[in-house]
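Residue-level structural notes
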Amino acid sequence: AQSVTQLDSHVSVSEGTPVLLRCNYSSSYSPSLFWYVQHPNKGLQLLLKYTSAATLVKGINGFEAEFKKSETSFHLTKPSAHMSDAAEYFCVVSLWGFQKLVFGTGTRLLVSP
Amino acid sequence: GAVVSQHPSWVICKSGTSVKIECRSLDFQATTMFWYRQFPKQSLMLMATSNEGSKATYEQGVEKDKFLINHASLTLSTLTVTSAHPEDSSFYICSARPPGRDLYNEQFFGPGTRLTVL
């Protein structure tokens, strides 16, 4: 069975400091992995995706994530947080060729001035 | 590209009435659409997978007769909450998968519909 664990329910950073949102996955086969962002009362926006190409994936708004098979991790990072980054972030796994996306429980990113 | 819209964005209804939510893919055709439910401060839970021209596939525990899904065209899927009750109040989000994205299951999400049942 596939699953995804987001290790922190909340992460607080100051504007201009680095962001690290942690995600570990469990999958018997090579997964596709995604990070989505959700602003309050809004739908989900795709930040980036891993689909077995380069292990370091660059996304929108300066975010990137690294797929580490040995650690079964797909952590999301950004060098410098912006106030507009405050939102809920979901790590999502999909087994290749299957219909379902499996969502993590989400990490709320708080950015202070 | 890959824009998905939902209508309405929010709706308030009385207990016992039915509510229809539309999900449209605006710039692509989607043979498969998905309906999710999100409770406050929680993650998304897949309710059903909607395939154009065929019956929807519901997840375990989701009542087919309460949550009617119709995918009549390649750009439109509808979710009807029948005989709504307060416990059906939630944020409903749809997604659509563009052609060629089946292998990776990349989905694009609508903005969501907030349903409040009084």
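For the structure itself, consult the block above.
As the structure is a computational prediction, the values presented were derived from the model and not from experiment. (Residues numbered from 1 in each chain as written. Chains lettered and ligands numbered in written order. Predicted model: local features only at pLDDT ≥ 70, side-chain atom pairs only at ≥ 80, totals over all residues. Heavy atoms only, no water.)

On the chain A side, the residues contacting the 25 residues of chain B number 22 residues. Between chain B and chain A, the buried area comes to about 1,800 Å², and carbon and sulfur atoms account for 52% of it. Broken down residue by residue, the surface that chain B buries against chain A is led by B:Y104, B:N105 and B:F109, which jointly contribute 28%. Inspection of the chain B/chain A interface yields two salt bridges. With a closest N to O distance of 2.9 Å, B:E59 and A:K100 form a salt bridge. In this structure, the connection of chain B to chain A is made through six residue pairs in polar contact (both at pLDDT 80 or more). Among the residues forming the side of chain B that touches chain A, the class breakdown is ten nonpolar, nine polar and six charged. (Contact = heavy atoms within 4.5 Å. Buried area = accessible area lost by both parts, 1.4 Å probe. Salt bridge = Lys/Arg side-chain N within 4 Å of Asp/Glu carboxyl O. Polar contact = N/O pair within 3.5 Å; in protein donor to acceptor, adjacent residues only side chain to side chain. Nonpolar A, V, L, I, M, F, W, Y, C, P; charged D, E, K, R; others polar.)

Below, the discussion takes up the state of the cysteines. Cysteine pairs can be linked by a disulfide, which is a covalent bond between their two sulfur atoms. Under the criterion given, the structure shown has two disulfides over all chains. There is a disulfide in this structure between A:C23 and A:C91, and the S-S distance comes to 2.0 Å. A torsion of -65° about the S-S bond marks the disulfide between A:C23 and A:C91 as left-handed. Here A:C23 is found in strand β4 (residues 23-26), whereas its partner A:C91 is found in strand β10 (residues 87-95), with 68 residues between them in sequence. In terms of burial, A:C23 and A:C91 fall into one category: buried. A sulfur-sulfur distance of 2.0 Å marks the disulfide that ties B:C23 to B:C94. For the disulfide bridge between B:C23 and B:C94, the dihedral angle about the S-S bond is near 80°, and by the sign convention the bridge is right-handed. Note that B:C23 is positioned in strand β3 (residues 19-25) and B:C94 in strand β9 (residues 90-97), a separation of 71 residues in sequence. A relative accessible area of 0% places B:C23 in the buried class. Free cysteine B:C13: the closest other cysteine sulfur is in B:C94, separated by 18 Å. Taking the relative accessible area as the measure of exposure, B:C13 reaches 9% and is therefore buried. (Disulfide = S-S within 2.5 Å. Helix = DSSP H or I, 4+ residues; strand = E, 2+ residues; numbered from the N terminus. Buried < 20%, exposed > 50% of the residue type's maximum accessible area, 1.4 Å probe, protein only.)

For the rest of this paragraph, the subject is the sheet that holds strand β7 (residues 67-73) of chain B. All names here are of chain B. Reading across the sheet, the four strands line up as β1-β3-β8-β7 and stay open at both edges, with antiparallel pairing between neighbours. Each end of this open sheet is capped by a strand with a single partner; those strands are β1 (4-7) and β7. When strand polarity is set aside, the average angle formed by the axes of neighbouring strands in this sheet is 15°. (Pairing = 2+ DSSP bridges. Axes fitted to C-alpha atoms, helices over the stretch in contact; angles between N-to-C directions.)

All names here are of chain B. With seven of seven residues buried, strand β4 (residues 32-38) is to be regarded as a mostly interior element. Side chains T32, F34, Y36 and Q38 of β4 all project onto a buried face; the interleaved residues M33, W35 and R37 project onto the opposite face, where all are buried too. Pairing geometry for β4 and strand β5 (residues 44-51), over seven bridges, is antiparallel. Of the residues in β5, the one forming a bridge with F34 is T49. Across seven bridges, β4 lies against β9 in antiparallel orientation. Residue W35 lies in a different strand from β9, and its bridge partner there is C94.

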